[in-house]
Amino acid sequence: YLFVDERAFSGRNYINVNAHELAHQWFGNYISHLAPKDVWLTESFATYYAKIFEKSVFGEDYYQNVRRDEWIETMEAEAKDKYPTGHSQGGRARWYPKGSLILDMLRNVMGDENFKSSIKYYLEHYPYQDAETSDFLRAIYYATGLSMDWFFEQWIYRGGEPEFEVTYKPVAMDKKSITQITVRQIQPVNEIIKYFRMPVMFEVHYADHTFDKVTKWVDGQVTTAEVPNDAGKKIAFVLFDPGRQILKKVKFSKSFEELSSQIIHAPQIIDRYDALLALRDFSIEQKRDILLQCYNVEKFHLNKAEIISQLSADTNARTIDLIRKAIYDQDVYVRRAVVQQIKKVPGDLQSDYETLLTDISYINVELALANLVSSFPRDGERYLSITEKETGWRGINIRICWLELAIGQGKEEYLAELINYSSKSYEFETRQNALMALKRLNYIDKQVADNLLDAAIYWNYKLVNTAKEVLNFYKQQTKSKALLNDCLNDLELEGKNFKTLEKLIE
């Protein structure tokens, strides 16, 4: 699954997995977790240390992007239920990404020296044993003298995350000025979720590009922080928890001028990214200039990709020039943002966009091919000719895209090859891609039906989920549903598998 070549490396690589599994030699093997509720002691640490290793290789911006991905996965789980991280039903999102973010916060609250001392003590005192969460909590106390019960209570033993509403105002007091920042916790409070208590940094940035900061504990429903502004400087923007140190949701309304300043001048990439996200609510005409300016100073693909996304429907000449520049960007992920966001290719960019048909990334080639054929159908034959010998990575992604486009243009002689890729002669990703292509073509015959039914009871859940989606599509059509039932009755299946398929088709 992870055995890739240079061209597939940007789609999936082994670096994080290797570091994660190596970390398990300490967390999970050297010390094992005692019960399912303590699985985070194994998986959160392995996820955390893999992330820290990647930071040492790829840098701070990469690390912030990984933490952003962890935040997204955590919040997706939070929207479904409120299980704690230290719970037997916490699930993958809490044992891996949320737990990793919790360890970030623990290290930030305790400080590097205390955090490292605690880990060292924990590892030295529970070798070749089963441990539980309370053992790690005791290790922290014995190593540092710090009681972190309050931290574990709200982040490990209880569910949910804080949601903050932030406002601020400049205040003149006794011949001096301060910026008064009010923080309200607005998450529902109940038996599972309480008010959170955490140290938070507040930064007030000024028009002269200097800033003041204070750290204050946010605790309870309402907290007020005061940041001195002794020189009475003009405020450009305010940052609540710069760098997203705390796992949270935030409501913090800012003007266009504040966001524009934050986009350019906030020191950390994730704070500039947050300002970019807030610009989604503004019109192209209002934000075009600042987005163009931001693109020219950003170095990392996360923010460049967000800018490309927000400008994707803009036909202004300067935006076209930016997209052209992005097509030739050395960062494969910036070029990927182009093929993911610019699906209807402007005529002015056709020749530039065509260079992506020979991109080093298999994924970029696949998406560029589909977008170009869709945008310029008269040139479809030429694009198919350019990519005819491309295969792709695992999943044969380019070839399957090529076959789908060729069949869509009436070349039915390629149906047999596409159908074959959906059979059990191929690994699950190839079968997934082929089945989805056949679904989009709305083509089914006996062989497709047989391959689809086989996929729906396969051992790999990813292929099963794809097969279920495709089955659900075909069973809505009377003739296709009848064909599926006929094929099911022709198969010699065990009772359990037969009943599973019968239920999927009904």
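Please refer to the structure higher up on the page.
Notes on the structure follow. This is a predicted model, so every value here is computed, not measured. (Residues numbered from 1 in each chain as written. Predicted model: local features only at pLDDT ≥ 70, side-chain atom pairs only at ≥ 80, totals over all residues. Heavy atoms only, no water.)

1. A look at the overall build of the protein
- Counting its secondary structure elements, the protein contains 23 helices and 9 strands.
- Projected onto its principal axes, the C-alpha coordinates of the protein cover approximately 85 × 60 × 40 Å.
- Out of the 506 residues belonging to the protein, those deemed buried represent 50%.
- In the form shown here, the protein has an accessible surface area of approximately 24400 Å², with 49% of it arising from carbon and sulfur atoms. (Helix = DSSP H or I, 4+ residues; strand = E, 2+ residues; numbered from the N terminus. Buried < 20%, exposed > 50% of the residue type's maximum accessible area, 1.4 Å probe, protein only. Areas by Shrake-Rupley, 256 points an atom, 1.4 Å probe, with all protein chains shown as cover.)

2. Brief notes about the sheet that holds strand β6 (residues 211-219)
- Read from one edge of the open sheet, 3 strands run β6-β5-β8, paired in antiparallel fashion. At either end of the open sheet lies a strand with only one pairing partner, and these are β6 and β8 (235-240). The sheet shows a mean angle of 20° between the axes of neighbouring strands, direction not considered.
- By the bridge criterion, 5 bridges tie strand β5 (residues 197-206) to β8 in an arrangement that is antiparallel. Opposite Tyr 206, over in β8, you have Ile 235 as the bridge partner.
- Helix α7 (residues 149-157) rests against β5 and β6 of the sheet, and its axis sits at about 85° to β5. (Pairing = 2+ DSSP bridges. Axes fitted to C-alpha atoms, helices over the stretch in contact; angles between N-to-C directions. Contact = heavy atoms within 4.5 Å.)

3. A few points about a nonpolar patch on the surface
- Judged by side-chain polarity, Phe 53, Val 57 and Phe 58 come together as a nonpolar surface patch covering roughly 260 Å² of accessible area.
- Within the secondary structure, Phe 53 is located in helix α2 (residues 40-58). (Patch = residues over 30% accessible without salt bridge, like charges linked within 9 Å, V, L, I, M, F, W, Y side chains within 5 Å. Salt bridge = Lys/Arg side-chain N within 4 Å of Asp/Glu carboxyl O.)

4. Regarding the side chain of Asp 329
- Looking at the secondary structure, you find Asp 329 in the loop between α12 (317-327) and α13 (332-341).
- At a separation of 3.0 Å, a polar atom in the side chain of Asp 329 contacts the side chain of Lys 304.
- Discounting chain neighbours no more than four positions away, the residues touching Asp 329 are Tyr 295, Lys 304, Val 334 and Arg 335. (Polar contact = N/O pair within 3.5 Å; in protein donor to acceptor, adjacent residues only side chain to side chain.)

5. Things to note about the pattern of salt bridges
- Inspection of every chain in the model, using the stated rule, returns 39 salt bridges.
- In this structure, the salt-bridge partner of Glu 132 is Lys 37, at a minimum N-O distance of 3.7 Å. You can see Glu 132 sitting in the loop between β2 (129-131) and α6 (133-144) and its partner Lys 37 sitting in the loop between β1 (31-33) and α2, a full 95 residues away along the chain.
- Look at Glu 132 and you get partly exposed, because its relative accessible area is 25%.
- Looking at Lys 37, the relative accessible area reads 36%, which means it is partly exposed.
- The salt bridge partner of Glu 161 is Lys 98, with a shortest N-O separation of 2.6 Å. With Glu 161 in the loop between α7 and β3 (163-173) and Lys 98 in helix α4 (residues 92-110), the pair connects residues that are 63 residues apart, well separated along the chain. Take Glu 161 and Lys 98: they sit in the same class, and that class is buried.
- What you see here is one network of salt bridges that share partners, running through Arg 12, Arg 394, Glu 427 and Glu 429.

6. Re the sheet that holds β3
- Ordered by their spatial adjacency, 4 strands build an open sheet running β7-β4-β3-β9, and the pairing between neighbours is mixed. Edge strands, defined here as strands with exactly one partner in the open sheet, are β7 (222-228) and β9 (249-251). Adjacent strand axes in the sheet meet at a mean angle of 30° when their direction is disregarded.
- The sheet contact formed by β3 and strand β4 (residues 176-185) spans 10 bridges and is antiparallel. The partner of Met 173 across the bridge, within β4, is Lys 176.

7. A word on helix α1 (residues 15-23)
- Taken together, the buried positions of α1 are Ile 15, Ala 19, His 20 and Ala 23. Buried residues along α1 cover an arc of 125° about the axis, so they all sit on one side.
- Each element contacted by the buried residues of α1 is listed here: α2 and α4. (Arc of directions from axis to C-beta.)

8. Observations regarding the packing of α12 against α13
- The contact between α12 and α13 brings their axes to 8 Å, and the two run at 130°. As far as their axial angle goes, α13 and α12 are oblique. Note on element contacts: α13 touches α12 through Val 334, Arg 335 and Val 338, opposite Ile 323, Ala 326 and Ile 327.
- In terms of residue class, the contact of α12 with α13 is built from 5 nonpolar, no polar and 1 charged. (Parallel < 35°, antiparallel > 145°, perpendicular 65-115°, else oblique. Nonpolar A, V, L, I, M, F, W, Y, C, P; charged D, E, K, R; others polar.)

9. Observations regarding the pairing of β4
- Burial runs high along β4: 7 of the 10 residues are buried.
- In this antiparallel pair of consecutive strands, β3 and β4, the connection spans 2 residues, and Asp 174 shows a positive phi of 45°.
- Here β4 pairs with β7 via 7 bridges, running antiparallel. Pairing of Val 183 across the sheet is with Thr 223, part of β7.

10. So, the packing of aromatic side chains
- With the rule as written, the count across this model stands at 31 aromatic pairs.
- Ring geometry for Phe 27 against Tyr 49: centres 5.6 Å apart, planes inclined by 20°, an arrangement best described as stacked. Placement of the pair is Phe 27 in the loop between α1 and β1 and Tyr 49 in helix α2, with a sequence separation of 22 residues.
- Given the relative accessible area of 5%, Phe 27 is considered buried.
- Judged by centre distance (5.9 Å) and plane angle (65°), the rings of Tyr 48 and Phe 115 are edge-to-face. Taken together, the positions of Tyr 48 in helix α2 and Phe 115 in helix α5 (residues 112-125) put the pair 67 residues apart, joining distant regions of the chain. For the residue pair Tyr 48 and Phe 115, the accessibility class agrees, reading buried in each case.
- In this structure, Arg 244 packs its charged tip against the face of Trp 71, placed 5.4 Å from the ring centre.
- The aromatic ring of Trp 402 is capped on one face by Arg 399, whose charged end is 4.5 Å from the ring centroid. (Phe/Tyr/Trp six-rings, centres within 6.5 Å; stacked < 30°, edge-to-face > 60°. Lys NZ or Arg CZ within 6 Å of the ring centre and 35° of its normal.)

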